[in-house]
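Single-letter residue listing:
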Amino acid sequence: MLKDASPKRPQTVDDLLDANLVAQLSRVDLQSRKIFRGKVQGERRSKKRGESVEFADHRPYVSGDDLRHVDWNIYGRLDRLFLKLFQEEEDLSLHVVLDCSGSADCGSPNKFTFMQRAAMALGYIGLVNLNRVSATAIARAEDGTGVLTSVRNLRGRRRVHEIRRWMCSLEPGGDLPFTDACKRIALSRTGKGVMVVLSDLLIKEGYEDGLRLLAGRGYDLVVLQVMSPQELEPTVGGDLRLRDVEDRDHAEVTISAPLLKRYKKVVEAYLRQVQGFCAAREITHLTVRSDTPIDTLLMDYLRKRGVLR
């Protein structure tokens, strides 16, 4: 896979989300397979009964109940006291985790740029629907840890430019201590919600321990494994000297048709392994090519998987 020496980085919201896509994003919202208790009142229905204006059910009155919630119309007809119950509304937390390692900054179209656009689109959907949005960039930081930077607990349309500035400031590079990064995220998060991890999952140390840490504590975890077309269908050939963009390890190989055939089988087996691992732990997993249009990813793939509605 060839790395673009000077890829064009997005600088504005328009570089990340065009006007047509923004119009589509305004019509969808995040969705979780689980229903959580939010920190503040929001616009999402809960299974609990609470304080909204939307009627949910009746239940018999018991001593100590608030008489203001008694349905006096039913009392007039049945001469029995019933309380009116209403849907409680809650907010939903969204946490986007973005792979900023060197391997993510490869491919054509660039995988990292694709992840930025997808992450920005999800963040936009969360903010305009009054969900709480956090985002974390992971790769090896200067202090050796796996978390580069993050923004936390943004809420409301006015915070769109804040997450845009953060997103555009990211510069990928270096290796990815995935397990350490996931451990730090798992220890620092509060509350419950939906977490979306965008990564190629090309990690020498393995992805299993990290995803186990993120999937704990009731989080609804979604993994978008982004691969470039060149990784899935390589067209290179001949004698090559390959160098790992993360740890600088290298190998000299002669790429022939039989070797490419074996390579594709190995990649397919790896993707199936990731898919099986996620399915066994109720993690939503989706392999997506970096040349996939963002609107197709959101409106088709993610809506079908129940991540958006």
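You'll find the structure just up there.
This section reports on the structure supplied with the text. Residues take numbers from 1 onward in each chain, read along the sequence in its written order. It should be noted that, the model being predicted, local features are given only for residues of pLDDT at least 70 and side-chain atom pairs only at 80 or more, the latter also being counted only at that level, while totals for whole chains, interfaces and linings use all residues. The basis for every side-chain value is the complete set of non-hydrogen atoms in the structure, without hydrogens or water.

### Considerations on the nonpolar core
Thinking step 1. We define a nonpolar core as any set of buried Ala, Val, Leu, Ile, Met, Phe, Trp, Tyr and Cys residues linked to one another through side-chain atoms lying within 4.5 Å. Per-residue accessibility, obtained with a 1.4 Å probe over protein chains only, is compared with the maximum for each type, and a residue is labelled buried under 20%, exposed over 50%, and partly exposed between these values. Leu 25, Met 167, Leu 198, Leu 298 and Leu 302 are the most contacted members of the largest nonpolar core, which totals 51 residues.
Thinking step 2. When residues in this core are grouped by element, the largest group, 12 residues, is from helix H4 (residues 111-128).
Thinking step 3. Only heavy atoms enter the contact rule, under which two residues are in contact if any of them lie within 4.5 Å. Every residue in contact with Leu 198, bar those within four places of it in the chain, is listed here: Val 96, Val 97, Leu 98, Asp 99, Met 115, Ala 118, Ala 119 and Leu 224.
Thinking step 4. Counting residues in each nonpolar core, the second largest holds 21 residues, with Val 97, Phe 178, Ile 203 and Cys 278 among its members. Under the DSSP-based scheme used, a helix requires at least four consecutive residues in state H or I and a strand at least two consecutive residues in state E, with every element numbered from the N terminus.

### Side note on a nonpolar patch on the surface
Thinking step 1. Surface patches are drawn from residues lacking salt bridges whose relative accessible area is over 30%; two like charges belong together within 9 Å, two nonpolar side chains (Val, Leu, Ile, Met, Phe, Trp, Tyr) within 5 Å. Exposure was quantified through the Shrake-Rupley algorithm and a 1.4 Å probe, taking into account, for residues, occlusion by the shown protein chains and nothing else. Each reported salt bridge corresponds to a side-chain nitrogen of Lys or Arg within 4 Å of a carboxyl oxygen of Asp or Glu. There is a patch of nonpolar side chains on the surface, built from Leu 67, Trp 72 and Tyr 75 and spanning about 320 Å² of accessible area.
Thinking step 2. Position of Leu 67 among the secondary structure elements: in the loop between strand E1 (44-60) and helix H3 (72-78).

### Regarding the sheet that holds strand E4 (residues 132-138)
Thinking step 1. Strand order across the open sheet formed by six strands is E5-E4-E3-E6-E7-E10, with mixed pairing between neighbours. Unpaired on one side and paired on the other, strand E5 (147-154) and strand E10 (284-289) mark the two borders of the sheet. Neighbouring strand axes in the sheet, compared pairwise and without regard to direction, differ in orientation by 15° on average.
Thinking step 2. Helix H5 (residues 160-168) contacts strand E3 (93-99), E4 and E5 of the sheet and is inclined by roughly 175° relative to E5.
Thinking step 3. For every element, the axis is a line fit to its C-alpha atoms; helices are fit only across the contacting stretch, and the angle between N-to-C directions ranges from 0 to 180 degrees. Against the sheet, helix H9 (residues 257-280) touches strand E7 (220-227) and E10, its axis set at about 155° to E10. Here, a strand pair is defined by DSSP locating no fewer than two bridges between the strands.

### Describing helix H10 (residues 294-304)
Thinking step 1. Of all the positions in H10, only Ile 294, Leu 297, Leu 298, Met 299 and Leu 302 are classed as buried. Seen from one end, H10 has its buried residues packed into an arc of 165°, which puts them on one side.
Thinking step 2. Packed against the buried residues of H10 are helix H2 (19-25), H4, E7 and E10.
Thinking step 3. Looking at the residues trailing H10, positive phi occurs at Gly 306, about 80°. What the arc measures is the spread of directions leading from the helix axis to the C-beta atoms.

### What about the side chain of Thr 145?
Thinking step 1. Looking at where Thr 145 falls in the secondary structure, it is placed in the loop between E4 and E5.
Thinking step 2. You can call Thr 145 buried: its relative accessible area is 11%.
Thinking step 3. Polar contact criterion, stated in full: a pair of N or O atoms within 3.5 Å, where within protein one must be able to donate a hydrogen and the other to accept it, and residues adjacent in sequence count only if both atoms are side-chain atoms. At 2.6 Å, the side chain of Thr 145 forms a polar contact with the side chain of Asp 143.

### Points about the pattern of salt bridges
Thinking step 1. Per the stated rule, a full pass over the model turns up 14 salt bridges.
Thinking step 2. For Arg 9, the salt bridge goes to Glu 171, with nearest N and O atoms at 3.4 Å. Of this pair, Arg 9 sits in the segment before helix H1 (13-16) while Glu 171 sits in the loop between H5 and helix H6 (178-188); the two residues are 162 residues apart in sequence, bridging distant segments of the chain.
Thinking step 3. A relative accessible area of 14% places Arg 9 in the buried class.
Thinking step 4. On the accessibility criterion, Glu 171 (54% relative accessible area) is exposed.
Thinking step 5. A salt bridge links Arg 212 to Asp 209, with the nearest nitrogen and oxygen atoms 2.9 Å apart. A residue pair is termed a helical-turn pair when its members lie 3 or 4 positions apart in one helix, as Arg 212 and Asp 209 do in helix H7 (residues 208-215) at three residues.
Thinking step 6. Here the salt bridges do not stand alone but share partners, grouping Arg 9, Asp 105 and Glu 171 into one network.

### Regarding H4
Thinking step 1. To estimate how far a helix should extend, the number of its residues minus one is multiplied by 1.5 Å. Spanning 18 residues, H4 covers 26 Å between terminal C-alpha atoms, matching the ideal 26 Å at 1.5 Å per step.
Thinking step 2. Burial of H4 is extensive: 17 of the 18 residues sit out of reach of the surface.
Thinking step 3. N-cap assignment for H4: the residue whose side-chain oxygen lies 2.9 Å from the backbone N of Phe 112 is Asn 110.
Thinking step 4. Leu 130 occupies a position one or two residues after H4 and carries a positive phi of about 65°.

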